[in-house]
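So the chains spell out like this:
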Amino acid sequence: MNKRIRFTAIMATALLGTGALASCATADAGSGGDDAGGTLIVYTNSNGDGRGEWVTAQAKEAGIDIEIVGLGGADLANRIVAEKNNPVGDVVFGLNNMFFETLKEEDAVTAYEPAWAGEVDQESGDPEDGVFWPLVEQAIVTVYDTNTIPAADAPTEVADLWEDAAYDGRYEVNTALGQATPQLVLAGLLAPYLDDDGDLGVSDKGWEQVEEYFAHGSPAEEGTDLYARMTRGDVDFGVLPSSGITARDAEYGTKTGVISPADGVPYVTEQIAVIAGTPRETAAEEFIDWFGSAETQGAFAAEFASYPVNEKARAEALPEVVELIESLPKQDIDYSLTRENIGAWVEKTELEYLP
Amino acid sequence: MRNSSWRGMLRSPLVVIVLVVLVWFVATFLVLPNATLLISTFFPDGRFSFRALEKLVSSERALNSLWHSFALAATLAVTVNVVGIFIVLVTDYFKIRGSRVLWLGYATTLIYGGIVLAAGYNFIYGKYGFITNAVRNVFPDIDPNWFSGYFAVVVVMTLATTTNHMLFLGSSLAKIDYQTIEAARNMGASTLTILWRIVLPALRPMIFAVTVLTFLTGLGALTAPLVLGGTDFQTIAPMILTFSKSSGSRDLAALLAIILGLATIVLLAMMNRVEKSGVYFSVAKVATPLQKQRIRNPLANVLVHVAAYVLFVIYALPVLLIVLFSFLESTAISTGTITWDAFTLANYATVFGTPAVLKPFVVSVVYSALASLIVVLGMLFVARVFQKHRNPVTSLLEYLLHIPWILPTILIALALVMTFDRPNPLIGGQVLTGTTMLLLVAYVIIKIPFTLRLLKAAFASVPESLEDAARILGAGPLFTLRTVLVPLVLPTAAAITALNFNSLLDDYDAAVFLYHPLYEPLGLAIRASTEGENNLDAMSITFVYTVLLMIIMGFTMWLVYGRGRASSTRRRTPRLGAGAAAAGAVTGSAAAAEVAPVRVPVPPA
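About the criteria used
Just so you know, the residues in each chain are numbered from 1, in the order the chain's sequence is written. Each chain takes a letter, starting from A, and each ligand takes a number, starting from 1, following the order in which they are written. pLDDT decides what is reported in this predicted model: residues at 70 or higher carry local features, side-chain atom pairs at 80 or more are listed and counted, and totals for whole chains, interfaces and linings draw on all residues regardless. Values shown for side chains rest on all heavy atoms present in the structure; no hydrogens or waters enter the calculation. Under the DSSP-based scheme used, a helix requires at least four consecutive residues in state H or I and a strand at least two consecutive residues in state E, with every element numbered from the N terminus. Think of it in three bands: with a 1.4 Å probe and only protein chains considered, a residue is buried below 20% of the maximum accessible area for its type, exposed above 50%, and partly exposed in between. Contact between two residues is taken to exist if any of their heavy atoms lie within 4.5 Å; hydrogens are not considered. Like-charged residues within 9 Å of one another, or nonpolar side chains (Val, Leu, Ile, Met, Phe, Trp, Tyr) within 5 Å, are grouped into patches, provided each residue has over 30% relative accessible area and no salt bridge. Shrake-Rupley sampling with a 1.4 Å probe provides the accessible areas, and residues are treated as covered by the protein chains on show and by no other component. Salt bridges are identified by distance alone: a Lys or Arg side-chain nitrogen within 4 Å of an Asp or Glu carboxyl oxygen. Residues counted as positive are Lys and Arg, residues counted as negative are Asp and Glu, and His and the chain ends are not counted. The location of each charge is read from NZ of Lys, CZ of Arg, CG of Asp or CD of Glu. All axes here are fitted lines through C-alpha atoms, helices being fitted over the stretch that makes contact, and every angle between N-to-C directions spans 0 to 180 degrees. Angles are sorted into four bins: roughly parallel if under 35 degrees, roughly antiparallel if over 145, roughly perpendicular if 65 to 115, and oblique for all others. The handedness criterion is simple: a crossing whose near helix is rotated anticlockwise from the far helix by less than a right angle is left-handed, and one whose near helix is rotated clockwise is right-handed. Side-chain classes are defined by residue name, with Ala, Val, Leu, Ile, Met, Phe, Trp, Tyr, Cys and Pro counting as nonpolar, Asp, Glu, Lys and Arg as charged, and the others, Gly among them, as polar.

Per an unreviewed UniProt entry, chain B is named Iron ABC transporter permease, and its organism is Cryobacterium arcticum.

**Student:** Sorry, what's going on with the side chain of E83(A) here?
**Tutor:** Along the chain, E83(A) falls in the loop between α3 (73-82) and β3 (91-96). Take E83(A): its relative accessible area is 4%, and that puts it in the buried class. Ignoring anything within four residues of it in the chain, the contact list for E83(A) reads Y43(A), V88(A), G89(A), V417(B), T433(B) and F513(B).

**Student:** In this structure, what is going on with a negative patch on the surface? I would like to understand it.
**Tutor:** All names here are of chain A. A surface patch of like charges, here negative, comprises E163, D164, D204, E208, E211 and E212. Broken down by element, the residue count for the negative patch peaks at 4 residues, all from helix α7 (residues 204-216). Note that E212 resides in helix α7.

**Student:** Hey, could you run me through unusual backbone geometry in this one?
**Tutor:** Leave glycine aside and you will find that most residues have negative phi; peptide bonds, for their part, are mostly trans. Residues and elements named next belong to chain A. The backbone of D107 sits at a positive phi, close to 55 degrees, despite the residue not being glycine. The phi angle at L200 is positive, at roughly 55 degrees, despite the residue not being glycine. Take L200: it is sitting in the loop between β7 (194-199) and α7.

**Student:** Please clarify how the packing of helix α19 (residues 358-388) of chain B against helix α23 (residues 437-460) of chain B should be interpreted in this entry.
**Tutor:** The axes of two packed helices give the description: the angle between them and the distance between them. Residues and elements named next belong to chain B. At a minimum axis distance of 7 Å, the contact between α19 and α23 shows a crossing angle of 40 degrees. Compared by their axis directions, α19 and α23 come out oblique. Crossing of α19 over α23 shows right-handed handedness.

**Student:** It is not clear to me how the packing of helix α24 (residues 464-472) of chain B against helix α25 (residues 477-505) of chain B should be interpreted in this structure. Could you clarify?
**Tutor:** Residue and element names in this part refer to chain B. Taken N-terminus to C-terminus, the directions of α24 and α25 make an angle of 160 degrees; their axes are 10 Å apart at the nearest point. As judged from the angle between their axes, α24 and α25 are roughly antiparallel. When the axes of α24 and α25 are compared, the crossing they make is right-handed. When α24 is examined against α25, the residues L466, E467 and A470 are found in contact with a partner set consisting of T480, V484, L485 and L488. Looking at the contact of α24 with α25 residue by residue, the classes come out as 5 nonpolar, 1 polar and 1 charged.

And the structure:
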C-alpha cells in the first residue's frame with residue numbers, strides 16, 4: 001500500500017475509534033450516573049470457581065439482571081473506596097469483615113436491613129449499625145495430608161510448627177500479605193498477644209511469634225498450589241480456607257487432616273451491603289433480599305461447599321462441611337481492632353520479618 | 001537545524017499546536033492526578049512526613065531488596081546488551097545458516113512474558129524441572145536447587161528482555177550505509193574492526209535507548225524473582241505492590257517507586273548527554289541494502305554458529321513446553337508426572353465453555369489497538385518537536401512525560417479514579433470515573449515513556465540534510481514530517497505499536513481499578529478464571545490463555561514484520577531492507593537535490 005494512504009488510513013482509524021469510544025462513553029456514563037434502571041452492577045471477590053456465572057444465572061431466573069465485577073479482595077476494596085464520589089457498582093458481597101469495616105469507615109457502603117435479617121446471627125456482621133450483613137462463614141485452617149502424616153502424629157497447636165525443630169521448613173507460609181488469607185493468618189498469630197504498651201498494640205512476645213513463624217516456614221511458590229507441594233513432598237503443612245479442602249482432596253487424592261488448636265482458628269465471614277450513593281438502591285436491596293435468603297444461600301451452599309450463616313440454609317449445606325466447621329472452635333479475634341491495625345501490622349511484617 | 005531558540009520554536013504553527021496540546025495533556029492527566037495523590041500521601045496533615053523514609057532506612061529487608069533490584073538492573077544492562085547484540089548480528093548482519101529459523105526462535109519472547117515465562121523456565125531447569133531431573137539421573141550429587149537465586153533470575157530475564165534489541169536494533173542495523181562497510185573492507189579492515197568501528201557506533205543511539213529500557217525492566221522485575229529468586233534474591237517490586245494496595249502504607253510504596261524512578265531518570269539524563277555530544281546519523285541515503293557478512297575465520301564461524309543454535313534451543317524450549325502443557329491435566333504439570341493419559345482437551349473446553357468467552361478478547365483488542373495507535377501518533381509529533389527544539393521548556397516536558405515510569409501503575413490508576421470522579425474544568429466539565437474512556441486514558445499514559453524514548457532515538461538517526469533538502473524544495477513542516485521523516489521512522493513506529501499492543505492485551509494492574517463493568521478486559525477475565533480457592537486448574541488455564549494470546553500477538557507481529565520480511569526475502573535483502581529501500585526511494589529526489597557531499601558516519605575517535 002502506498003505509504004501516504006496507509007498513514008492517512010491509520011490516522012483515520014485512530015480518530016474514528018476514539019470518537020466511537022467517546023460516544024459510547026457518554027452513552028454509558030449513565031451506569032455510573034443517575035440512571036435508576038438498567039443492569040445492577042454487583043462487585044464481588046467471590047466469583048471464582050464458576051460462582052459468578054451461577055449467581056448471574058440464578059438471579060436472572062429470579063428476575064434480577066446483574067453484571068458481576070469480580071476482583072481480588074484488596075483490589076475490590078480499594079476500587080470501591082476510590083470510586084465513592086461517583087460509584088460504579090451497586091452492591092458488594094464476598095469481602096470479609098475487615099474489608100467491610102474499612103468500607104463502612106470510608107462511608108462507601110450504606111445501611112439496609114434485609115428481609116432475612118432475623119435468620120442470621122447479627123453478631124457476625126455489623127451489630128451496631130447494620131450496614132453489612134453476613135452470608136457465609138469460613139475457617140482459616142492449617143491442613144496436612146493424613147496419608148503422609150497420621151492424625152495421631154500431627155501437632156495439636158499451630159505454634160508447634162515453628163517451636164519444634166522437626167517441622168523446620170516443612171510448612172508453607174504465604175508471604176503475599178496484600179491478600180486476605182495471609183492477613184487473617186497474621187491477625188490470628190497476633191490476637192493472643194494484644195498489649196497496649198507494645199509496638200503497634202502487640203507485645204514483643206507476639207512479634208517474636210511472627211518472626212519465628214516466617215523464619216521456619218517455606219515461602220509459598222508463585223503459581224504452585226499448596227497441595228501440589230504437599231503431594232511431591234516439598235512441605236507437609238499449609239494454610240487454606242476451609243471451603244477449599246473438598247475439591248483438593250478429590251483432585252490430588254489426599255485425605256486432609258486439620259490442626260484444631262485449643263484456642264480455635266480464625267474465622268472469616270463474607271458479607272453483603274449496598275454501595276452508598278447508587279442510583280439503583282431499590283434494585284440493590286431487592287438483590288440482597290434474594291441472595292441472602294435461606295433458599296438462595298442453601299442452593300449456593302450445596303453447589304459450592306460453603307457454610308451459610310443463615311440458619312435455615314444450613315440444612316442444605318454439605319454434611320462434611322458442617323461437620324468440619326462445627327468441630328473447629330472460633331478463635332477470639334477483635335475484628336474492629338484488627339481492622340484498625342492490620343495495615344500497620346502488615347507493613348511491619350513486610351519490612352522486618354518476611355524471609 | 002537543531003534549534004534552541006525560543007522564537008524559532010514558536011514560529012512554526014505546527015510546533016505551537018503540538019506544544020499546547022502537550023501542555024494540556026501533561027497538566028491534566030500526568031501532573032494533576034499524581035501530584036494530588038502524592039501530596040495527600042506525603043503531607044498527611046499538611047506537613048511533610050518523614051515516616052516512610054525512617055521506616056525504609058530501618059528495614060534491613062527493604063534495603064536488601066532495593067539493593068537486589070539495582071544489582072539486577074545493572075547486570076541486565078550488560079548481559080542483555082551482550083545477548084541482544086549477538087542475536088541481532090547473527091540474524092541480520094552475519095551470514096548464518098538458517099538465520100530465519102533462528103529469528104523465529106529468538107522472537108518467541110515477543111509473544112509471551114511474565115509469570116508464564118518464569119514458570120516455563122522453572123519447569124525446565126527448576127527443582128522439579130526435567131533437565132534437572134535428567135542431569136540428576138546421571139550425576140545424583142548435583143544440587144536440585146541449582147537454578148535459583150540471582151543467577152537464575154539474571155539468566156531468565158536476560159533471555160526474556162532481548163525483545164527490544166531484536167526489534168529496534170534490528171531496524172537500526174538495516175538502515176546502516178552499506179557503502180561504508182564495503183569501503184572499510186576494501187581498505188583491509190577485519191570483520192571485527194568493521195563491527196567495532198563502524199557498525200556498533202552507528203547503532204549507539206538505539207543501544208542507549210534500549211539500555212535504559214533494560215535497566216528499567218530490571219528495576220521493576222516482579223515475577224521472575226518471585227518464581228526463581230528463592231529467599232536469597234527477592235526484589236523490591238513485590239513489596240511496592242503490597243504497600244500500594246494498603247492506604248496506610250502507600251507513602252512507602254510511592255517512596256520506593258520514586259527511588260527506582262529517579263535512578264532511571266539519572267541514567268536517562270546521562271544517556272541524553274552522551275547522545276547530544278556525538279553526531280550520529282546512519283541512514284543510507286542511497287538504496288544499497290545491507291548485505292550479510294560472511295565470517296572469514298573458519299573457527300570463529302563454527303563457534304558463532306554453535307552459540308547461535310544453542311541460544312535458539314534455550315529460547316524455543318519454554319514456548320514448546322507451554323503449548324504442550326496447555327494440553328495437560330493440571331495435576332500432571334504440578335506433580336511433574338507426564339504420561340500419555342494426562343493429555344486432554346479439557347483445559348480448552350473450560351476456557352471456551354465460559355459464557356461470552358470472546359467478549360474480553362474483543363474489548364482488550366479494541367482498547368490496546370486504540371491506545372497503541374494514539375500514543376504512537378501523538379509521540380511522533382512530540383518526539384519530533386523535542387528532538388528539533390532543545391530548550392528548558394521541552395526538557396521539562398520531556399521529563400514530565402516520564403512520570404509513568406516513576407510511579408507504579410496501580411498508583412497512577414488510583415490517582416485517575418480519584419481525580420476524575422467529579423466534573424473537571426480541564427476536560428470540559430466531564431466526569432471520567434465509571435466511563436469507558438478512563439481506561440483508554442490510562443493505557444495511553446502508561447505507554448508514553450517507552451514510545452517517546454524509542455521514537456526519539458529513531459528520529460536521532462535521521463540526518464538533517466534530508467529535511468533541509470525537503471525544505472529547499474518547498475515542502476511545509478507537516479508535509480516534510482509525513483513524507484520524509486515518518487517513512488524513515490515508520491519501521492520503529494510500527495514495532496512500538498505492535499509491542500505496546502501486545503503488552504496492553506493482558507494488562508491487569510491498570511484495568512482492575514478502571515474498567516467499565518460492562519466491558520471486562522482480558523487481563524481481568526484471565527484472573528477471574530484462574531483465581532478461586534477451588535480452582536486447581538489455574539495454571540493449565542493460564543497456559544491456554546497464553547497460547548491464545550501468543551496466537552493474537554504472533555498475528556500482530558506478522559502484520560508488522562511477516563509480510564515485509566517475506567517480500568524482502570524475495571529480493572534477497574535483509575529484514576526491513578524493504579523499509580529502508582522504500583525510504584531511500586522516497587528520499588531519492590531529496591538526495592539528488594542535496595548539495596552536501598554524501599557524508600560517512602564518523603566513528604568517534
